[in-house]
Every structure is written in C-alpha cells, then in structure tokens.
Amino acid sequence: MPDQFNPQTAHDSVRALQWVGEALRVLDQRKLPGSIEYEDFDSACGVAEAIRSMRVRGAPAIGIAAAYGVVLAARKRHEQNPDTWKTLIGQDLDRLAASRPTAVNLFWALERMRKIIDTGGNEPAALLAAALAIHEDDIAANRRMGELGAQLLKGASGVLTHCNTGSLATGGYGTALGVIRSAWAAGLKQVYACETRPWLQGARLTLWELDQDRIPARLIADSAAAWLMRSGKVQWVIVGADRIAANGDTANKIGTYSHAVNARHHGLKFMVVAPTSTIDWETPSGEAIAIEERDHKELLSDHFLRPGSVVDAWNPVFDTTPAGLIDAIVTERGVVLNPSAANLRELKA
Ligand code: MRU
C-alpha cells in the first residue's frame, strides 16, 4: 500500500544538501545512479572542491552549498583570530567564487553572505541563519514556480526536459523538474528526458530522481529530440537556467539552445524555470555570459588521448538561448511571457 498522501513530500523525497551542524553533507552526484554516497565537508576549501568536481551541481544547489561554505569558513577564521576574521575570510570567498563560472546563483549567494559579514556583528552566528534561509527560500520558490508553471501546462499531454533541474540541482523539489512534478500531480501524462551528454545529467540524475519519486519518465538520446518534437508527443520543452541576462537571454546546459531552435521550428512552446536569484541584472545580454569549458577528457575516448594523437575535443558545457526563442520565464515572483529587457524588469525587487 502506498504511504498516506502528503502534498509536501509526494513526488519529492530526494535531498542533495543537508546541514548537519558542523558540516555540509553532500550526496555525491558523480556516483548516481549506481551508488548513493554522502560525504561531509567541514571547510570552505572542501565545499569549493565539491562544486568544482560536480559532487554538487545545478545552479541553485551550487549557491546554497557556497553559502554553507561561507558559514564553515567564518567559524574557522573566527576561531583562528576573532579580530581579523572578516578580512581573512576574503580568500575563502574568492576560492568559492572560483569553483565554477557560469551559474550566477553562486555569486548571488556569496554576495548575500558578504553583506552579512560586512554589516553584522563580530560573531559569525548570523551567517548560519542566512545560509539556512537561502536553502529554505529556494525550496519555497520551487514550490511556487511548480504551481505557476503547471498552470501554463494545462492541456499538455507530454513534455521534454534537458539536464537535471530537480531536487538534486536545488534545495529541493526543483525548477523545471518542480514544474514537471506539479504538472504530474495535476495529470500530465508523459515526461521525456534527454540524456544530456557528456555528463549525462538526464540519463543518470533526472531518471534516478524521477524513479525515486515514482514519476514515470522516458529517456531519449539528445539527438532524438527534434524527431520527438516532430512526432507530436510533446507540446512543451521545459528547462532550468544557470544565468538569465537582463534581456532574458538564458544560459543553460549545452544542448538547450538546439532544443529551443527545434521547438520553434516544430511549433512547440519553450519554458525556462528559474528563481529570481538566477537573473543577472548586471549582464545586459547573453553575449556577456561566461560559458564554462570543461576538460576534453569528458568527451574524448582514451584511445585518442595517447601521445602523438592529432585529434582533440571542444567541450563547452553551457550555451545561451536568445530570449526571442523563449515563450515563458517562470520565477517565484511571477511568469514573464515573451521575455524582453522591458518586461523582465518587472520582476526586479
Ligand atoms: O553542469 P551542471 O550539471 O551544474 O548544469 C546544470 C544545469 O545546466 C541546470 O539546467 C541548471 O543549473 C538549472 S538547475 C535547477
């Protein structure tokens, strides 16, 4: 018999990040789905490495982890020297900021924590409250975006998503996958997930997460997306974001741009779901967004890594989708249809 229905936990059982008092507990996403392993990090340096190595990944989760990293750094620096800790912690903030370049949530969270350091008292206790609030607010934002996005999906029978944007990528529930969770509860029939080469966030993480929460999903190769769209089985493509420029251009996992082009060609709708912490008001358009390039070894087989080989690989792990290809940006503060610099500005606090 299934457990009694609880709307707070139904279709949402996974948590990638947990504060455990003296450390940040991280579910190692490199090992999923084969192995469920947690690792505790008790220093900012450790948290930066967890982000760099992609034990924790996904824009909101990176921001939350960094906030806890600042808490750990503050405790250590304060213990070392209660008079100079606010200066010493600068290097920890820099190290966290250097862990990955594209997800703006990282810099947003560090900025929030920096302000508390600068304006708060000499005890670092307020920083833990702030990190916990960033974590809880993210889950609340995801729940709200889930409701708003699901309303847009009324009447749709199938959706396609890319990468992993669920509980693993956020504080919990997820952005695009949160919308899919809410829409599933409201009767959505078919969820397709792209495998998301080369790191396979879709094939490994999204499928694992949906399996945990008993939401049926069907995996496709990235290269099958246009063919799926042509079949008429999906009406919406729903993705998350790592950084949304002030004009609505959106950086997200590599392959997102192709999906947007294909969606427009086939008359499908394209939805970006992200909390307002993902909007970078300082960046006017997508052209100015730093796109991370990772090691060619993520793509190139060992055979070609031998000395003397003349072939190589180019591995950009994000791309930018122009606002003109996006039908809706869903945030916790509301939905912006046909985003542009003018209408996105309405979300500014
Ligand atoms: O390289 P990753 O796995 O950190 O990339 C993740 C994505 O591109 C997600 O789509 C994005 O961060 C939104 S997650 C809610």
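Just so you know, these numbers come straight off a predicted model, no measurement behind them.

Observations concerning the packing of helix α4 (residues 104-119) against helix α5 (residues 125-152)
- At a closest axis distance of 10 Å, the pairing of α4 and α5 adopts a crossing angle of 150°. Taken together, the axes of α4 and α5 are roughly antiparallel relative to one another. Pair α4 / α5 crosses with right-handed handedness. On α5, the residues that touch Trp-108, Ala-109, Arg-112, Met-113, Ile-116 and Ile-117 of α4 are Ala-126, Leu-127, Ala-130, Ala-131, Ile-134 and Asp-137.
- Residues that form the contact of α4 with α5 fall into these classes: 10 nonpolar, no polar and two charged.

A closer look at the environment of Ser-309
- Counting through the fold element by element, Ser-309 comes out in the loop between β11 (279-280) and β12 (318-321).
- Given the relative accessible area of 22%, Ser-309 is considered partly exposed.

Overview of a nonpolar patch on the surface
- On the surface, Phe-304, Val-310 and Val-311 cluster together into a nonpolar patch covering about 300 Å² of accessible area.
- Relative accessible area serves as the criterion here: at 80%, Val-310 is assigned to the exposed category.

Some thoughts on helix α1 (residues 44-52)
- When α1 is considered as a whole, its buried residues turn out to be Ala-44, Gly-46, Val-47, Ala-48, Ala-50 and Ile-51.
- Lining the buried residues of α1 we find β2 (24-27), β3 (38-41), α2 (59-80) and α3 (85-97).
- Just beyond α1, the residue with positive phi is Met-54, at close to 70°.

Regarding α4
- The first and last C-alpha atoms of α4 sit 23 Å apart over 16 residues, in line with the 22 Å expected at 1.5 Å per residue.
- Taken residue by residue, α4 has Val-104, Asn-105, Leu-106, Ala-109, Leu-110, Met-113 and Ile-117 as its buried positions.
- Residues of α4 that are buried in the fold lie against α2, α3, α5, β8 (243-245) and β11.

Criteria and cut-off values
- Residues numbered from 1 in each chain as written.
- Predicted model: local features only at pLDDT ≥ 70, side-chain atom pairs only at ≥ 80, totals over all residues.
- Heavy atoms only, no water.
- Axes fitted to C-alpha atoms, helices over the stretch in contact; angles between N-to-C directions.
- Helix = DSSP H or I, 4+ residues; strand = E, 2+ residues; numbered from the N terminus.
- Parallel < 35°, antiparallel > 145°, perpendicular 65-115°, else oblique.
- Left-handed = near helix turned anticlockwise from the far one by under 90°.
- Contact = heavy atoms within 4.5 Å.
- Nonpolar A, V, L, I, M, F, W, Y, C, P; charged D, E, K, R; others polar.
- Buried < 20%, exposed > 50% of the residue type's maximum accessible area, 1.4 Å probe, protein only.
- Patch = residues over 30% accessible without salt bridge, like charges linked within 9 Å, V, L, I, M, F, W, Y side chains within 5 Å.
- Areas by Shrake-Rupley, 256 points an atom, 1.4 Å probe, with all protein chains shown as cover.
- Salt bridge = Lys/Arg side-chain N within 4 Å of Asp/Glu carboxyl O.
- Expected span 1.5 Å × (residues − 1).

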